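Structural overview for review
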Number of protein chains: 2
Amino acid sequence: MSSKAIGEDTLPTSKPLAVLVEPSVSEAENVAREAISHHRTLLVVGKCSVDYAGRAKSKLEPGERIVIVKADGSLLVHRSIGYEPVNWMPGGNVIFHVQCREYTLDIRAIRQKPSESVRVSFESIQLISALSLVDVAEFSLYASEEDMQKAVLLKPELLEEGFKLISWEKKVEPGFIDVYGVDKDGRLVVVEIKRKTAGKDSALQLAKYIEAIKSKADREVRGILASPNIAKDVQRLLVTFGLEFKRLDPRKCAEILRRAENKKLAEYFDENPS
Amino acid sequence: MSSKAIGEDTLPTSKPLAVLVEPSVSEAENVAREAISHHRTLLVVGKCSVDYAGRAKSKLEPGERIVIVKADGSLLVHRSIGYEPVNWMPGGNVIFHVQCREYTLDIRAIRQKPSESVRVSFESIQLISALSLVDVAEFSLYASEEDMQKAVLLKPELLEEGFKLISWEKKVEPGFIDVYGVDKDGRLVVVEIKRKTAGKDSALQLAKYIEAIKSKADREVRGILASPNIAKDVQRLLVTFGLEFKRLDPRKCAEILRRAENKKLAEYFDENPS
DNA sequence: ATATGCATGTCGCAC
DNA sequence: GTGCGACGTGCATAT
């Protein structure tokens, strides 16, 4: 989970490779050409028009915007309002052409599959900068295991249609069962929840719980391993023990909790401690 | 369709309100606070970490990124690669807090509905700029009427299920029928295509075509007005003449043409000139 | 390679 | 306000 790059703390923050305020288009051309050819990040603020042709066609009359060209070839044109770029090009196999015409600086981005192109034509530039952004940090989007359990308790149908909750954190011989219930056919179900990719230990743990329940209830008991994913070799284990896997998306769980309004939920769980 | 703002050509391009290269966090704080409170555009490049909590949760460890805060309250955090922002806040009812802590500049964006917040914490800043972007230009995304007709000819089901093409640009007394065919029940159908919002003239023209066909064929004839939209008062006219409206999205049409590969399509139409 | 489903989707439009 | 569909959706995953 550690995501610090080696030397990240010891290296000083990068300086901009270039910053020009109100340059001429030809001065800006050099910066733009260098930045794009060396796969740096290019940042341009200026008055420009934009034409797009490909999956559709579009025309944007002159106005002052922020344009970003990234190292991977993605291009963004942002107006003064709006979350979304008004024009763009997703990164990938994108070819750029930087050209200084009479009084304009043109940046063209072209890609195949789908075939489309964007041309940004600057008639004046307020600010241009070439940047060498150092960013190797990890981005993590998550819900905690507790969050995922709460989501399942709130919406048991996340596991399967017709699942009815009996209890949670149920004490059995080997430990605590995350979620316990019955399926639509009346069979007992033991659920083991894992926040991330489930390993062998999860399957083994689940198998033990099931044995514990079976020995007491003397009924058919299903076991469901609910996690975002399972390790490859766990699949065999599931088959061996007759267990099932249910993919559970932590982001989806997080969204469900949001919708249920965490505050009220917390009260509910405080008042009903398993 | 003209979209030039009054005075747009006579006013000089805006100058950046502020541009600071490698400022201290406290210097940057002033710029950020001013820009946000006056609903300007704020542009920051620097080493930052980002935390998001709301519909989901996310954590982004320190790295150098581009951060934009727009006049409408939208916030974007862009890494060195990728079309999409790694973190963001859509514009609208967003409240910002700018705070200079010991050695960091924090920018927090908070909104309700859905309840979520993003905090960007800068530990160093390469470049910060407050901008007053003048941009009143119109953005138009379109397919030509010819494109829309080609799309309908390629995919008649755009009009309705079971529509069979008979001909196009068919000559009748008052002029040319855009598209002519039969519906799934064998009734004749006359289609009038408009690239933009259809006015009364479109409905009247369509009605004339239908009369012309009826007088010759002596069969039931349906009339469909296909366009992105119809003017409010046209609705009454449609009812009066027993005409129908079918919404036709020019962007969708443009995409259909793309998929059909324009080149081959052009050949086809050249070889089959109505 | 294409087909399918999800997204912190966002956004616009009808009800 | 709320729900529904479209998007130059983008993007990942499964086939």
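Residues numbered from 1 in each chain as written. Chains lettered and ligands numbered in written order. Predicted model: local features only at pLDDT ≥ 70, side-chain atom pairs only at ≥ 80, totals over all residues. Heavy atoms only, no water.

Section: the sheet that holds strand E12 (residues 188-193) of chain B
Residue and element names in this part refer to chain B. Read across the open sheet, the five strands follow the order E10-E11-E12-E13-E14; overall the sheet is mixed. One side of each edge strand has no neighbouring strand; the edge strands of this open sheet are strand E10 (164-171) and strand E14 (244-247). The sheet shows a mean angle of 30° between the axes of neighbouring strands, taken without regard to direction. Strand direction decides the pairing type here: strand E13 (residues 221-227) and E14, joined by four bridges, are parallel. By the bridge assignment, isoleucine 224 is partnered in E14 with glutamate 244. (Pairing = 2+ DSSP bridges. Helix = DSSP H or I, 4+ residues; strand = E, 2+ residues; numbered from the N terminus. Axes fitted to C-alpha atoms, helices over the stretch in contact; angles between N-to-C directions.)

Some points on the interface of chain A and chain B
Taken together, the contact between chain A and chain B spans 65 residues of the former and 67 residues of the latter. When chain A packs against chain B, the two sides together hide about 5,900 Å² of surface, and 58% of this comes from carbon and sulfur. Remark: the boundary between chain A and chain B carries six salt bridges. Across the pair aspartate 135 of chain B and arginine 79 of chain A runs a salt bridge whose closest N-O atoms are separated by 2.8 Å. In this assembly, chain A and chain B are joined by 26 residue pairs in polar contact (both at pLDDT 80 or more). Looking at the side of chain A that touches chain B, the elements with two or more residues in it are strand E1 (18-21), strand E2 (41-53), strand E3 (57-69), strand E4 (75-78), strand E5 (87-89), strand E8 (116-131), strand E9 (139-142) and helix H5 (250-259) of chain A. Of the residues forming the side of chain A that touches chain B, the biggest block, eleven residues, is contributed by E3 of chain A. Residue composition of the side of chain A that touches chain B, grouped by class: 29 nonpolar, 17 polar and 19 charged. (Contact = heavy atoms within 4.5 Å. Buried area = accessible area lost by both parts, 1.4 Å probe. Salt bridge = Lys/Arg side-chain N within 4 Å of Asp/Glu carboxyl O. Polar contact = N/O pair within 3.5 Å; in protein donor to acceptor, adjacent residues only side chain to side chain. Nonpolar A, V, L, I, M, F, W, Y, C, P; charged D, E, K, R; others polar.)

Re unusual backbone geometry
Residues lysine 113 of chain A and proline 114 of chain A are joined by a peptide bond in cis, for which omega reads -10°. Among the secondary structure elements, proline 114 of chain A is positioned in the loop between strand E7 (105-111) and E8. In this model, glutamate 22 of chain B sits at a positive phi of 50°, which is unusual for a non-glycine residue. When you line up the elements, glutamate 22 of chain B lands in the loop between strand E1 (18-21) and helix H1 (25-37). The phi torsion at aspartate 218 of chain B lies on the positive side, around 55°, for a residue other than glycine. Along the polypeptide, aspartate 218 of chain B turns up in the loop between helix H3 (200-217) and E13.

Examining helix H2 (residues 145-154) of chain A
Within H2 of chain A, seven of the ten residues are buried, which leaves the element mostly enclosed by the surrounding structure. Along H2 of chain A, the residues that are buried comprise Asp147, Met148, Gln149, Lys150, Ala151, Val152 and Leu153 of chain A. (Buried < 20%, exposed > 50% of the residue type's maximum accessible area, 1.4 Å probe, protein only.)

Thoughts on the packing of aromatic side chains
Summed over all chains, the structure comprises two aromatic pairs over all chains. Where tyrosine 83 of chain A meets tryptophan 88 of chain B, the ring centres are 6.0 Å apart and the plane angle is 45°; that geometry is what we call tilted. Taken together, the positions of tyrosine 83 of chain A in the loop between E4 and E5 and tryptophan 88 of chain B in strand E5 (residues 87-89) put the pair across two chains. For tryptophan 88 of chain B, a relative accessible area of 33% corresponds to the partly exposed category. The ring of phenylalanine 176 of chain A carries the charged tip of lysine 171 of chain A above its face, separated from the ring centre by 5.7 Å. (Phe/Tyr/Trp six-rings, centres within 6.5 Å; stacked < 30°, edge-to-face > 60°. Lys NZ or Arg CZ within 6 Å of the ring centre and 35° of its normal.)

Thoughts on the packing of H3 of chain B against helix H4 (residues 234-241) of chain B
Residues and elements named next belong to chain B. Closest axis-to-axis distance for the H3/H4 pair is 9 Å, and the angle between their directions is 10°. Overall, the two elements H3 and H4 adopt an arrangement that is roughly parallel. H3 and H4 meet at a crossing whose hand is right-handed. Packed against H3, whose contacting residues are Lys200, Ala203, Leu204 and Ala207, the element H4 presents Val234, Leu237, Leu238 and Phe241 at the interface. Here the contact of H3 with H4 is composed, by residue class, of seven nonpolar, no polar and one charged. (Parallel < 35°, antiparallel > 145°, perpendicular 65-115°, else oblique. Left-handed = near helix turned anticlockwise from the far one by under 90°.)

Interpretation note: all reported values are geometric properties and have no functional meaning in isolation.
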